[in-house]
Amino acid sequence: MNAILLIAHAPLANALRQCALHVFPDCGAAVTAIDVQPNLSPDETLAAARIAMEQLAAAGNVQGILVLTDIFGATPSNVAQKLVDGIASRLITGVNLPMLLRAVSYRHEPLDTLVSRAVIGGTQGVMQVAITAPQQQPQRNHDQDHHDHQQ
């Protein structure tokens, strides 16, 4: 089983974790979140992240750790880059809820496969949805004999 560490600008990491727990109530031990606070230095955040990584690794039955951050080049991502080794832990930036849910769903697969599935889930979860503007919708006939509402 793989564990997941979320590192993102506050309050995103914990909010994403709460969403994952809403969908997968049993994933709590496998998903840890660190909200990067604006008043903490990157070194303080790194220290907290190292502790979280050690706790996840020590939890038992953990094969690898997938670290998810919000924005490449920002403090959460920079901190995470100092944590991952590319072998037992991997880093993906640009986390979104579809990515996290996919990662939680497939956390039992090998780490390489998990990374691929998470990236695919994140990219497939972003799409433009076409909406017909109200002025372009066909007008409905509202005569007295036609009743399509509840009475």
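Residues numbered from 1 in each chain as written. Predicted model: local features only at pLDDT ≥ 70, side-chain atom pairs only at ≥ 80, totals over all residues. Heavy atoms only, no water.

Student: Looking at this structure, how should I read the sheet that holds strand E1 (residues 2–9)?
Tutor: Strand-to-strand pairing in sheets goes through backbone hydrogen bonds, with the strands running parallel or antiparallel. Strand order in the open sheet made by the four strands is E2-E1-E3-E4, with parallel pairing throughout. Each edge of the sheet is formed by a strand with only one pairing partner; in this case those strands are strand E2 (31–36) and strand E4 (89–93). Sheet twist, expressed as the average angle between the axes of neighbouring strands with direction ignored, equals 20 degrees. Sheet topology note: the E1/E2 ladder contains six bridges and is parallel. The residue bridging Leu6 from the neighbouring strand is Ala33, located in E2. Packed onto the sheet, helix H1 (residues 12–23) meets E1 and E2 and runs at close to 155 degrees relative to E2. Along the sheet, helix H4 (residues 97–105) contacts E1, E2, strand E3 (64–69) and E4; its crossing angle with E1, the most-contacted strand, is approximately 165 degrees. (Pairing = 2+ DSSP bridges. Helix = DSSP H or I, 4+ residues; strand = E, 2+ residues; numbered from the N terminus. Axes fitted to C-alpha atoms, helices over the stretch in contact; angles between N-to-C directions. Contact = heavy atoms within 4.5 Å.)

Student: Teacher, can you tell me more about the side chain of Ser89 here?
Tutor: The topology assignment puts Ser89 in strand E4. In this structure Ser89 touches Met53, Ile65, Leu83, Val84 and Leu111, once residues within four positions along its chain are discounted.

Student: Mind showing me how you'd approach a nonpolar patch on the surface here?
Tutor: Judged by side-chain polarity, Met127, Val129 and Ile131 come together as a nonpolar surface patch covering roughly 380 Å² of accessible area. Looking at the element boundaries, Ile131 is found in the segment after helix H5 (111–124). (Patch = residues over 30% accessible without salt bridge, like charges linked within 9 Å, V, L, I, M, F, W, Y side chains within 5 Å. Areas by Shrake-Rupley, 256 points an atom, 1.4 Å probe, with all protein chains shown as cover. Salt bridge = Lys/Arg side-chain N within 4 Å of Asp/Glu carboxyl O.)

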